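So the chains spell out like this:
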Amino acid sequence: MQPHEPARDLLAERAAHGLPVVPQLRLLCLAEALHAPAARRALDLNAELETLGTALQESVRRRTGWLSLSLPGQPVPAAVPRQLLQTALLCWVRSVLACPTARAVLQLDTTRQAGILVLRGGLGRNLPGDTRALLLRLAAVCGGAVVQSGGTGPFTAAVRLPLRRDLPLLPARESMELLYDRYSPLQVFLQEYCAGTNE
C-alpha cells in the first residue's frame, strides 16, 4: 500500500457522498508530488508538455494566445515522475493566471545531455507556496539543477533535466484524460480557471 492510499480512499468516500473534496485533494497531490520517488521509466518531456499544453489551451478561460508553447518536436526522455512534473507546472500556471494580463511561456530546449525546461510568466508574489519547492524537487529527483528568479517581480525558472535514453519510455497520456476527469491534476489545481468537465 502506498503511504497516501488511505487518505485517497477517504476522499473518494466523501466524493461519493457528494461532499467537496478538491481543497483536500489539492493538498494531498502536493504532498504526493513532493515525496515522489525517482522514476524507473522515462517520460518523453516533449509529449508530456504537448499533452498538458493542449489541455490548458482547451480548458482555461483566457484569451487565445495566453500560453506560448515551444517544443523541439522530438522525444526528450527524462527520469521524472509524471505527477511531480504536472503538479510543478500547474502550480506555476496558477500564478500566471492570477495576473490580470496572463501570459505564460513554456519552452523545452535540448542539449546533447539534457532537456532544459524554461518557464516565464507570472509574478513571484503570486506563486503558490510550494511551487519553488516542487521545481527544486523536479530537478533533484533526476540529478538535474534549477535556477529561479527571486523576489516578488516577474518569475522565470530554468530546469535542467538529464536525458535518460537508456530507460524505457512511459507512454504519454491523452489530453482528454486531463480535460474530462473532474479530479485530474488540471481540474484540481486550476478548478476556478477552467471550463467544467462537461462544458
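Here's a quick rundown of the structure. (Residues numbered from 1 in each chain as written. Predicted model: local features only at pLDDT ≥ 70, side-chain atom pairs only at ≥ 80, totals over all residues. Heavy atoms only, no water.)

**Considering the overall build of the protein chain**
- Counting its regular elements, the protein chain contains seven helices and eight strands.
- In the protein chain, buried positions account for 48% of the 199 residues.
- Look at the contacts in the protein chain between residues 6 or more apart in sequence, and 72% of them connect residues 24 or more apart.
- Summed over all atoms, the accessible surface of the protein chain reaches about 10000 Å², with 52% contributed by carbon and sulfur. (Helix = DSSP H or I, 4+ residues; strand = E, 2+ residues; numbered from the N terminus. Buried < 20%, exposed > 50% of the residue type's maximum accessible area, 1.4 Å probe, protein only. Contact = heavy atoms within 4.5 Å. Areas by Shrake-Rupley, 256 points an atom, 1.4 Å probe, with all protein chains shown as cover.)

**With respect to the nonpolar core**
- Ranked by size, the top nonpolar core spans 54 residues in total, and within it Leu56, Leu117, Leu186 and Leu190 carry the most contacts.
- Among residues more than four places away in sequence, those in contact with Leu190 are Leu56, Val60, Leu90, Val93, Arg94, Leu97 and Pro185. (Core = buried A, V, L, I, M, F, W, Y, C linked by side-chain atoms within 4.5 Å.)

**Here we look at the environment of Ala195**
- Inspection of the secondary structure assignment puts Ala195 in the segment after helix H7 (185-189).
- Residue class for Ala195 comes out buried when judged on its relative accessible area of 18%.
- Between the C-alpha atom of Ala195 and that of Leu179, which follows or precedes it by 16 residues, the distance is 8.9 Å.
- Discounting chain neighbours no more than four positions away, the residues touching Ala195 are Ser59, Arg61 and Gln187.

**A few points about helix H4 (residues 82-97)**
- Its 16 residues place the ends of H4 22 Å apart at the C-alpha level, agreeing with the 22 Å of an ideal helix rising 1.5 Å per residue.
- For H4, the buried fraction is high: 15 of the 16 residues fall into the buried class. (Expected span 1.5 Å × (residues − 1).)

**Observations regarding the sheet that holds strand S5 (residues 114-123)**
- Strand order in the open sheet formed by five strands is S2-S4-S5-S7-S6, and the pairing between neighbours is mixed. Strands at the two margins of the open sheet, each flanked by one partner only, are strand S2 (67-70) and strand S6 (145-148). When strand polarity is set aside, the average angle formed by the axes of neighbouring strands in this sheet is 10°.
- Sheet analysis places S2 next to strand S4 (residues 104-110), joined by four bridges and oriented parallel. Within S4, the residue paired with Ser68 across the bridge is Val105.
- Packing against the sheet, helix H3 (residues 45-59) makes contact with S2, S4, S5 and strand S7 (154-162), and its axis sits at approximately 160° to S2.
- Running at roughly 20° to S7, helix H5 (residues 131-140) makes contact with S5, S6 and S7 of the sheet. (Pairing = 2+ DSSP bridges. Axes fitted to C-alpha atoms, helices over the stretch in contact; angles between N-to-C directions.)

**Points about the sheet that holds strand S1 (residues 42-44)**
- Pairing within the open sheet is mixed, and its three strands lie in the order S3-S1-S8. Since the sheet does not close on itself, it has two edges, and those belong to strand S3 (77-78) and strand S8 (169-170), each with one partner.
- Pairing between S1 and S8: two bridges, direction parallel. Counterpart to Ala42 in the pairing with S8 is Leu169.
- With respect to the sheet, H3 is in contact with S1 and S3, its orientation differing from that of S1 by roughly 55°.

**Re the side chain of Thr51**
- When you line up the elements, Thr51 lands in helix H3.
- The class for Thr51 is buried, based on a relative accessible area of 13%.

**Topic: the pairing of S5**
- For S5, the tally of buried residues reaches nine of 10 residues, placing the bulk of the element in the interior.
- Here S4 runs beside S5; their pairing, made up of six bridges, is antiparallel. Residue Val105 lies in a different strand from S5, and its bridge partner there is Arg120.
- A loop of three residues connects S4 with S5, the two strands running antiparallel in sequence.
- Sheet topology note: the S5/S7 ladder contains eight bridges and is antiparallel. The residue of S7 that forms the bridge with Ala114 is Pro162.

**Concerning the packing of H3 against H4**
- Running from N to C, H3 and H4 point in directions that differ by 40°, and their axes come no closer than 12 Å. Taken as axis vectors, H3 and H4 run oblique relative to one another. Note on packing geometry: the crossing formed by H3 with H4 is right-handed. Contacts from Leu45, Glu48, Leu49, Leu52 and Leu56 in H3 reach Arg82, Leu85, Gln86, Leu89, Leu90 and Val93 in H4.
- A class-by-class count of the residues in the contact of H3 with H4 yields eight nonpolar, one polar and two charged. (Parallel < 35°, antiparallel > 145°, perpendicular 65-115°, else oblique. Left-handed = near helix turned anticlockwise from the far one by under 90°. Nonpolar A, V, L, I, M, F, W, Y, C, P; charged D, E, K, R; others polar.)

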